[in-house]
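Structural overview
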Amino acid sequence: MNITEIATPAYVIDEQKLLDNLKILSDIAKESGAKILLAQKAFSAYSTYPLIAEYLQGATASGLYEARLAYEEMIKPFEGKKKLENHVFEPAFKDEEFPLVCEVADHIVFNSIAQLEHHRNVWEKAAAKKLLSVGLRINPEFSTQEGHEIYDPCAPGSRLGIRKENLPNPLPSGVEGLHFHTLCEQGFEPLEATFKEVEQDFGEFFAQIKWINLGGGHHITKTDYDREGLKELIRYIKEKYNLEVYLEPGEAIALDAGYLVTEVMDIVETENYPVLILDTSAACHMPDVLEMPYRPPLKDSGLCDEKEYTYRLSSRTCLAGDVIGDYSFDKEIKIGDRLIFEDMAIYSMVKNNTFNGMPLPDIDIMHKDGSVEVIKKFSYEDFKSRL
Ligand SMILES: Cc1ncc(COP(=O)(O)O)c(C=O)c1O
């Protein structure tokens, strides 16, 4: 089966492009000595974990479920072959979940001193039996992004990370690392500027820790990313402070490595552009389009009015605003035509929902030879079982 023959809607993971990204990241890890982890919040299609595990050093999780997924699908299957790490950060861990978090994780990062102390008994006991490293998330109070406040952990009033004035010196016993995550889809320069700030404000703690985690948001696999700069910074941190350096990108791992294939079901004439009713939905299948918001790239299309035929791309849900955007084409679009949204591997499958009882798209994988294999199909039961 090739991509023109598959059932729609479907997310199609592009194995070759995933591999291209993984090779870039693996080279950075090798040449700088950093450890690079998959941030599963962006991409958790675990059928690809064996491939990812060959190139990266592990995974990071936003809570118990992602941590468990990495443990079951990445860490365990590689036991005896490669030591992979399982990290987790959550603003607050639930008491009933925390013992299991300790069982599956190697690194646990707390968001406050209160959380660290609240769970101390449990993590100390776990650390006595296995390798478990505990860290604290700091907030450098240094924003480097504009316009996306919901993605800025340094925005005023943020709940994410301990501010310098609240970090005790010496650090509480057992704390072995510091973690910061402040970027979103950014180049090297904002990371460099942020690290300088962290070094200035938190540098006094570096002699007390073993590792520093620089979070995610690094667009390392974009062609214009300054990878040499990144490697230099990592080497500098390792050499000057003798720290293990972690990066936990999500987007960079599966950037441009997937599609959402959809079919035109109807065309509604309006006083503006004709509207294509697709068998996919921004609200259900690509929520970041509305949340961020952003315009997803679409194969063989142009901006509004750039090409001869312009349409508004929308969906079959009831939400008037479930609009993906206005796109133009060289040829007239017909009912039954297929459209291919690009860069749809990240923050798509992990965020979709069944609002309106919309079926979830299949998850497919396009192998290196172009053949497409169906990994997962969903049904009415997936909708019903959650309600
Ligand atoms: C703590 C943490 N680490 C890593 C990431 C991954 O970020 P990205 O997918 O932008 O690389 C995020 C994203 O929100 C995050 O909150």
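No experiment lies behind these values; they were computed from the predicted model shown. Counting starts from 1 at the beginning of each chain's written sequence and moves along it residue by residue. Reporting in this predicted model follows two pLDDT cut-offs: at least 70 for local features of residues, and 80 or more for side-chain atom pairs to be given and counted; totals over whole chains, interfaces and linings ignore these cut-offs and use all residues. Calculated side-chain values reflect all of the structure's heavy atoms, with hydrogen atoms and water omitted.

1. Description of the side chain of aspartate 279
Relative to the elements of secondary structure, aspartate 279 occurs in the loop between strand S11 (275–278) and helix H10 (282–285). Summary of the burial criterion: residues with accessible area below 20% of their type's maximum are buried, those above 50% are exposed, and those between are partly exposed, where the area comes from a 1.4 Å probe applied to protein chains only. Charge counting follows a simple rule: Lys and Arg are positive, Asp and Glu are negative, and His as well as the terminal groups are ignored. What counts as a salt bridge is simple: a side-chain nitrogen of Lys or Arg found within 4 Å of a carboxyl oxygen of Asp or Glu. Buried charged residue aspartate 279 carries no salt bridge. Nearest counter-charge: arginine 316, at 6.5 Å. N or O atoms within 3.5 Å of each other form a polar contact, as long as, within protein, one can give a hydrogen and the other can take it, and as long as residues adjacent in sequence are counted only when both atoms are side-chain atoms. Polar contacts involving the side chain of aspartate 279 include one to the side chain of threonine 8, which spans 2.5 Å. Within the structure, aspartate 279 has its side chain in polar contact with the side chain of threonine 262 (distance 2.6 Å). Those residues in contact with aspartate 279 that sit more than four places away from it in its chain are Thr8, Pro9, Thr262, Glu263, Met265, His285, Arg316 and Met358. Here a strand is any run of E in DSSP of at least two residues, a helix any run of H or I of at least four, and the numbering for each starts at the N terminus. Residues are treated as being in contact if the distance between any of their heavy atoms lies within 4.5 Å.

2. Some words on helix H8 (residues 227–241)
With 15 residues, H8 extends 21 Å between its outermost C-alpha atoms, agreeing within 8% with the 21 Å of an ideal straight helix rising 1.5 Å per residue. Of all the positions in H8, only Gly229, Leu230, Lys231, Leu233, Ile234, Ile237 and Tyr241 are classed as buried. Where H8 is buried, its residues touch helix H1 (15–32), helix H7 (188–202), strand S8 (211–213) and strand S9 (244–247). Positioned one or two residues after H8, asparagine 242 has a phi angle of 55°, which is positive. For a helix, the expected span equals 1.5 Å multiplied by the residue count minus one.

3. Quick word on the UniProt feature "domain: Orn/DAP/Arg decarboxylase 2 C-terminal" (unreviewed entry) in the protein chain
With numbering matched to this structure, UniProt assigns "domain: Orn/DAP/Arg decarboxylase 2 C-terminal" (unreviewed entry) to residues 14–344. In residues 14–344, the share of helix is 31% and the share of strand is 21%. The end C-alpha atoms are 10 Å apart. UniProt positions are given in the numbering used here, feature names are shortened, and annotations may be inferred rather than shown by experiment.

4. Regarding helix H3 (residues 64–75)
Listing the buried residues of H3 in full gives Leu64, Glu66, Ala67, Ala70, Met74 and Ile75. Along its buried surface, H3 packs onto strand S2 (35–39), helix H2 (49–55), strand S3 (58–61), strand S4 (85–89) and helix H4 (98–104).

5. Some details on the domain arrangement of the protein chain
Under the domain assignment, the protein chain is made up of domain 1 (33–254) and domain 2 (258–344 + 352–384). Note on definitions: buried area is the accessible-area loss of two parts on being combined, 1.4 Å probe, summed for both. The junction of domain 1 with domain 2 conceals about 590 Å² of combined surface from both sides, 54% of it contributed by carbon and sulfur atoms. Summed over the three residues of domain 1 that lose the most area to domain 2, namely Ser47, His148 and Tyr151, the buried surface amounts to 51% of that side. Inspection of the region where domain 1 meets domain 2 yields zero salt bridges. The classification used treats Ala, Val, Leu, Ile, Met, Phe, Trp, Tyr, Cys and Pro as nonpolar, Asp, Glu, Lys and Arg as charged, and all other residues, Gly among them, as polar. In terms of residue class, the side of domain 1 that touches domain 2 is made up of five nonpolar, three polar and one charged. The split of the chain into domains comes from an automatic or database domain assignment.

6. Some points on the pattern of salt bridges
Using the criterion set out here, one finds 20 salt bridges in the structure. Its salt-bridge partner being glutamate 72, residue arginine 68 comes within 2.8 Å of it at the nearest N-O pair. In this pair, arginine 68 and glutamate 72 are both assigned in helix H3, four residues apart and thus about one turn of the helix distant. Using a relative accessible area of 40% as the deciding quantity, one classes arginine 68 as partly exposed.

7. Here's the deal with the sheet that holds S4
Sheet strands pair via backbone hydrogen bonds, and the direction of the pair is either parallel or antiparallel. A pair of strands is treated as paired once DSSP finds two or more bridges between them. Read around the barrel, eight strands follow the order S2-S3-S4-S5-S6-S7-S8-S9 and close on themselves; strand pairing throughout is parallel. Neighbour-to-neighbour, the strand axes of this sheet turn through a mean angle of 25°, independent of strand direction. Where S8 meets S9, three bridges bridge the pair, whose relative direction is parallel. Across the sheet, residue isoleucine 212 finds its bridge partner in S9, namely valine 245. All axes here are fitted lines through C-alpha atoms, helices being fitted over the stretch that makes contact, and every angle between N-to-C directions spans 0 to 180 degrees.

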